[in-house]
Protein chains: 2
Amino acid sequence: MKISALLTSAGINIGLCVLFLSLYSVLRKQPANVRVYFGRRISEEHSRLREAFILERFVPSTGWIVKALRYTEEEVLAAAGLDAVAFNRMLVFSIRIFSLAALLCVFGILPLHYYGKNIQHLRIPSEDLDIFTIGNVEVRSRWLWVHCLVLYIISGVACILLYLEYRHIARLRLLHLKRATPNPGQFTVLVRGIPKTKKESCSSSVDDFFTKYHASSYLFHQVVYKAGKVQKIMTGAKKACRKLKHFTDNTVDQSCKAITYRCCLCGASSNSFQLLPTNEVVPSRVKADLDDSSLDIDNEECAAAFVFFKTRYGALVASDVLQTSNPTKWVTDLAPEPSDVYWSNIWLPYKQLWIRRIATLIGSIVFMLLFLAPVTFINGLSQLDQLQKRLPFLNGILKQPHHLVQLITGYLPSVILQIFLYSVAPIMMLFSTLEGPISHSERKRSACCKVLYFLIWNVFFVNVVSGTVLKQLDFFSSPKDIPVQLAKVIPGQASFFITYVLTSGWASLSSELMQLFGLIWNFIRKYVLRMKEDTEFVPSFPYHTEVPKVLLFGLLGFTCSVLAPLILPFLLVYFFLGYVVYRNQLLNVYRTRYDTGGLYWPIIHNTVIFSLVLTQIICLGVFGLKVSPVAAGFTIPLIIFTLLFNQYCRTRLLPLFSTFPAQVCIASIILQTSRN
Amino acid sequence: MKISALLTSAGINIGLCVLFLSLYSVLRKQPANVRVYFGRRISEEHSRLREAFILERFVPSTGWIVKALRYTEEEVLAAAGLDAVAFNRMLVFSIRIFSLAALLCVFGILPLHYYGKNIQHLRIPSEDLDIFTIGNVEVRSRWLWVHCLVLYIISGVACILLYLEYRHIARLRLLHLKRATPNPGQFTVLVRGIPKTKKESCSSSVDDFFTKYHASSYLFHQVVYKAGKVQKIMTGAKKACRKLKHFTDNTVDQSCKAITYRCCLCGASSNSFQLLPTNEVVPSRVKADLDDSSLDIDNEECAAAFVFFKTRYGALVASDVLQTSNPTKWVTDLAPEPSDVYWSNIWLPYKQLWIRRIATLIGSIVFMLLFLAPVTFINGLSQLDQLQKRLPFLNGILKQPHHLVQLITGYLPSVILQIFLYSVAPIMMLFSTLEGPISHSERKRSACCKVLYFLIWNVFFVNVVSGTVLKQLDFFSSPKDIPVQLAKVIPGQASFFITYVLTSGWASLSSELMQLFGLIWNFIRKYVLRMKEDTEFVPSFPYHTEVPKVLLFGLLGFTCSVLAPLILPFLLVYFFLGYVVYRNQLLNVYRTRYDTGGLYWPIIHNTVIFSLVLTQIICLGVFGLKVSPVAAGFTIPLIIFTLLFNQYCRTRLLPLFSTFPAQVCIASIILQTSRN
């Protein structure tokens, strides 16, 4: 692929981005679209926008960028929750590390590559991209130590930044836990696998069990009889509640609060819970109507129960400890937030879950492998000369005028890949649902992992491999020289990766900003279907597609940084743009109904570590190919250090993301009691 | 290797075994050796043996075998602890499954192999062993379905038996926990990583922390100041105590009890603990002298502390919950039994441990790889014709009379291997010590795992591989056809494995029974050094060498069962002999000072599952080689089922081995309180 072809697709994408951004800056000012672009604010802050018609509305502006950048982290945290902050920190981390990498590589390494072999250079536009990769460095070059040094610097700085971010997120997580207004989830434990007894009802057996074994802190419980029923009540109540909210009348509003409170039994509103430990009046009342509400359906079989404790610590202990000698009975977990509970999974028999997990695991692996076909095809497109040998009829295409070929090679492949990739997220989400998680957030997180593995495998490895598959078919037949294989291939694939960044990266950002689907749907609703606009439907941020996307670009950046630095500037633009766009979206468009409490960060951390180690292994292979024993020798300790660092983070910080420290829970209790 | 060569080494070993056993049956009757052969009984049951001289003492007898078999499981449990029972069950399981396998394979499969190809058969003795392996079955044979069926039966029965044993051990573990006389370890938590504060002493900071966060169940604590000091006191006290015990005088005996009690502060004797929850007099007294005992050394820095709780449940909770927001501070684990504590590791700073673990891991891997050299050499010996090609000077040996060659090929190799293997256990034990476990039992368990991996890798795989290394050197270069490779090699290696069973297996058993070292040492002490015999030194059972040994033979049995059934009879003899011998040793010779509470069983279970799956994979390869798509097709679901079964056991039973169920703890408390 020639520089000119690259410039073609770069041009196309820059054009599209500018177009989209300016379009956005206009559209967002139209009152008609306010629901699309300010969903969160309207639903949460009830902000009113002026309807007046002024010309200024139709002039593209950049004010929104400034606004997006002006928000502080506290505001993001307050508006979009801890996950948003973690996502945000990931972008910040990427920007930092890759600006450093770009600086070092573009000015330090690119010249080495360009003048690597003393050949007759053409004019830059018609140069082949490979001129700028390490492929152009002579074997036994004196300059490979530069590569090794840069690798050291990048890895070192990356580790330091990672650690700081990790610690920062952990601290935020603890604060989020210490919050003065505790959320009911922390007082509640979800019990599954309740053994069925003939003689006594499920509700009473739960009562007996916890009064016997957790007498000190047990408060009361609510059995989940049929997810369908509870869910229907809740949704119904919510709908009513929303309908009522519209007339912002206080009295009505209170009654509607009562409703929410009533059907949030599975984790009542926080006020009620702050009271519980101190005065016993409220819970007793609640307990009363709880019981008579459950009496009439006692005969149905129960699958799960929410058990409430007087203190956070009590709930924590009850959820940590193994209850009985049969680990599949009386299984206790900390209950998710009321709005986070995934009702239709709660009543799944606990014994099924391990089977479901395995089944979904196998399913997603099969799906990944089936996906090979399109990817290989696409990769073929990016190497027409390769295809030409195999498929002679393609000569026809190559006879076409030059720019068309450039278009095909430079732009088409990754567009096709995009189209295929759109199907992935929903399918993975489906798999995660079948897995049987008890909360929306957990479901989304596991989907996030699946999509991440999928992308890394299908976009990175398979592209690399299928690039070689056309050359030599026995890639995986020899594991011990995989580094060498990768080293051979990666530089050659750089061109594809660059175009992938341009199309998939930039284009997806601008379409994300435009909310095309939302826009069109909104238009159709308003002017075609003439429906009354439902103000309450506001989507929540799709972490399960966005986190993997950003991480994948990070992987591409790390692996290409030293070998084909030309990708870095494009990547850096992507990250900057992403930073602005995502902040804007998080603050204006999406609404956070549920929050994992920063549990995305360990995923991010592990992926970055993986990318680093992979990069180092590939460089090891390259140094081996270039017969530079010194550089190769220096790379090995680097790998070891990176892995040690990862292990340190695991021991030092990871436990905070799997459970809550007792100290914090008890401290918060003391705090409350002292306050009340 | 010819049958005759096999018979030679079999003859040698049977002769040796009979000799050793009869020797043992004589020696054990000699009063001089009573300390060697009845260490446990003398030290625990204080049984007196008659000194009278009678001829009967010098006549070999088999009474001890009957005695060993007569003991019930309860007696074994009482005498040697739960680990001994687990070990015993492992032998029972092996006997059961391999008697079935031998029945099926010897009568079902062996004929198929022998008449597999219609060739001119010689006289049996001069037949080559390979005649009896699957190598002698024709490609596309109609009879391979028999192999597949047998494989199904063996796998199925093995899984069923495994599950029953696993459940049995789990039940015993729970009983062992419910025991009426609770052991102090369950009331005690070992705290490490106590943060150092300038202003207050370590002891008081511990006190503050636990009175603040575990007020309800915290009783008192004892800081470990310097392992050396406490250890010296304890050992000194113990010695004195033993000296006193000799005059079986009650008053003295009590005072001596008092001493043990005093220095078992870190987990006092059980009686004292049963009292603690009920009357507060004892602890207050203890607490008092605890404090003044600790006051004088308060200025020293403290590394760890034993914290005592009123109830088991309290201790369990304190050990389960993450204490502070820094996971490397205030690290709590259930304390080991007083006699089990590994003092010299207690004061290791907790922050070091993760580094130590990694270091020892790397160290043991390196050691494994370094061990390749001898193994390869030995394997060469078992295939002289191979060596001959490489090393022409060996022709001299092959000119020797026939039986000498047979001796070399049949017997020498595994003897050499034995000699090398003797060095492994101590080295692995050293590694495990460096890892920093807090209890002897944990140390022994991790050593057991290391030795197990070592044996499986160096005795099984490397023998197999180096067997091929002489043929084709690129064994690991192609992972995807490893099954085929294994399938090619295993039958050829059968001869070596059989001789390995004969020499390593039988010989080691009889030497284990003879206690040669103990015998000689005892002799030297008595008649050369004229030392006063120290009645108190009684070794504890070396699980870390014996468990892996038995498991390795299990692996050999499973992998060879279908392919080279000739090994099974020899193996079965080994297991029967082992059953008798080990029972005898556990009941008479060894003394159990500490007990993991059956934690060896998960290791055993996993290894058996691994062996099964490996066998199935190898058979898959074989069926592939023999071009029998049906058999191969039927094997794949078998592999999947086996893995699913393992997963089920993990979810259903494994948790019981990592923690204690709250129900049991609380039930036992209720029991006590009701009793007192």
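A brief look at the structure comes next. Predicted model, so just to flag it, every value in this text is computed and none were measured.

This next bit is on the sheet that holds strand β2 (residues 218–224) of chain A. Residues and elements named next belong to chain A. One open sheet accounts for four strands, arranged β2-β3-β1-β4; its pairing is antiparallel. Each of the sheet's edge strands pairs with one partner strand only, and the pair in question is β2 and β4 (331–334). Between one strand axis and the next, the sheet turns by 25° as a mean value, whatever way the strands run. The pairing of strand β1 (residues 188–192) with β4 spans four bridges and is classified as antiparallel. Each residue of the ladder has a partner; that of V189, found in β4, is L334. Contacting β1, β3 (304–309) and β4, helix α12 (residues 312–320) runs over the sheet at an angle of about 135° to β4.

Moving on to the relation of the copies chain B and chain A. At an RMSD of 0.0 Å, chain B and chain A line up after a rotation of 180° and a shift of 0.1 Å along the axis. Read as a symmetry element, the transformation amounts to a two-fold axis. A shared binding surface is used by both copies, with 100% of the interface residues of chain B retained as interface residues in chain A.

What follows covers the packing of helix α24 (residues 543–561) of chain A against helix α26 (residues 600–625) of chain A. All names here are of chain A. Two elements in contact, α24 and α26, have axes separated by 9 Å at closest approach and are oriented at 20°. Relative to α26, the element α24 is oriented roughly parallel. Regarding α24 and α26, the two cross each other, and that crossing is right-handed. On α26, the residues that touch Y543, V547, L551, L555, F558 and T559 of α24 are Y600, I604, T607, V608, F610, S611, L612, L614, T615 and I618. Here the contact of α24 with α26 is built from residues that sort into 12 nonpolar, four polar and no charged.

Considering all chains together, one arrives at 64 aromatic pairs over all chains under this definition. Pairing F87 of chain A with Y543 of chain A gives two aromatic rings, centres 6.2 Å apart and planes at 80°, and the pair type is edge-to-face. Here the residue F87 of chain A occupies a position in helix α5 (residues 73–114), and Y543 of chain A occupies one in helix α24, the gap between them amounting to 456 residues. Across this residue pair, the class does not change: F87 of chain A and Y543 of chain A are buried. Seen from their ring centres, Y166 of chain B and F657 of chain B are 5.5 Å apart, and the 65° between their planes marks the pair as edge-to-face. Placement of Y166 of chain B in helix α6 (residues 144–178) and of F657 of chain B in helix α28 (residues 655–658) is noted, with a sequence separation of 491 residues between them. Each residue in the set F87, F541, Y543, Y582, Y590 and Y600 of chain A is aromatic and connected to the rest through ring pairs, giving one cluster.

This paragraph deals with the pattern of salt bridges. A complete count under the given rule lists 12 salt bridges over all chains for this structure. Among the salt bridges present, the one from K450 of chain B reaches E435 of chain B, with a minimum N-O distance of 2.9 Å. In this pair, K450 of chain B sits in helix α21 (residues 440–469) while E435 of chain B sits in helix α20 (residues 424–435), placing the two residues 15 residues apart along the sequence. Where salt bridges share partners, they join E73, R89, R96 and E165 of chain A into one cluster.

Okay, the side chain of S611 of chain A next. Residues and elements named next belong to chain A. Looking at the element boundaries, S611 is found in helix α26. Judged by relative accessible area, which is 2%, S611 ranks as buried. When near neighbours in sequence (up to four residues on either side) are disregarded, S611 contacts L555 and F558.

Contacts between the two partners involve 38 residues from chain B and, on the opposite side, 38 residues from chain A. Summed over both sides, the interface between chain B and chain A buries roughly 3,300 Å², with carbon and sulfur atoms accounting for 70% of that surface. The largest share of the area that chain B buries against chain A comes from Y213, W354 and Q663 of chain B, three residues that together contribute 19% of it. Joining chain B to chain A, the criterion identifies zero salt bridges. The leading source of residues in the side of chain B that touches chain A is helix α27 (residues 629–652) of chain B, at five residues. The class makeup of the residues in the side of chain B that touches chain A is 22 nonpolar, 12 polar and four charged.

Once that is clear, we can look at the packing of helix α22 (residues 482–514) of chain B against helix α24 (residues 543–561) of chain B. Residues and elements named next belong to chain B. Here α22 crosses α24 at 150°, and the two axes come no closer than 11 Å. On the basis of the axis angle, α22 is roughly antiparallel to α24. Both α22 and α24 take part in a crossing whose hand is left-handed. Facing I490, F497, Y500, V501, S504, G505, S508 and E512 of α22, the residues of α24 in contact are E546, K549, L552, F553, L556, T559 and C560. Per-class residue counts for the contact of α22 with α24 are eight nonpolar, four polar and three charged.

Cut-offs and rules
- For every chain, the first residue of the written sequence is number 1, and numbering continues from 1 onward in sequence order.
- Each chain takes a letter, starting from A, and each ligand takes a number, starting from 1, following the order in which they are written.
- With the structure being a predicted model, the display of local features is reserved for residues of pLDDT at least 70 and the display and counting of side-chain atom pairs for 80 or more, all residues being used for whole-chain, interface and lining totals.
- With hydrogens and water stripped out, all remaining heavy atoms of the structure feed into the side-chain values.
- At least two bridges found by DSSP between two strands is the condition for calling them paired.
- Helix and strand definitions follow DSSP, with helices as H or I runs of at least four residues and strands as E runs of at least two, each counted in order from the N terminus.
- Lines fitted to C-alpha atoms define the axes, with helix axes restricted to the stretch in contact, and inter-axis angles between N-to-C directions lie between 0 and 180 degrees.
- Contacts are assigned to residue pairs that have any heavy atoms within 4.5 Å of one another.
- A residue counts toward the fit only if its pLDDT is at least 70 in both copies, and the copies are then superposed by least squares on the C-alpha atoms of those residues.
- In these notes the angle categories are as follows: under 35 degrees is roughly parallel, over 145 is roughly antiparallel, 65 to 115 is roughly perpendicular, and the rest is oblique.
- Whether a crossing is left-handed or right-handed is set by the direction in which the near helix is turned from the far one by less than a right angle, anticlockwise for left-handed and clockwise for right-handed.
- Charged means Asp, Glu, Lys or Arg here, nonpolar means Ala, Val, Leu, Ile, Met, Phe, Trp, Tyr, Cys or Pro, and polar covers whatever is left, Gly included.
- Here the aromatic set is Phe, Tyr and Trp, taking the six-membered ring for Trp, and pairing holds for ring centres within 6.5 Å; pairs whose planes are under 30 degrees apart are stacked, those over 60 apart are edge-to-face, and all others are tilted.
- When accessible area is computed with a 1.4 Å probe and restricted to protein chains, residues below 20% of their type maximum are described as buried, those above 50% as exposed, and intermediate ones as partly exposed.
- Salt bridges, as used here, are contacts in which a Lys or Arg side-chain nitrogen is within 4 Å of a carboxyl oxygen on Asp or Glu.
- Two parts placed together each lose some accessible area; with a 1.4 Å probe, that loss summed over both constitutes the buried area.

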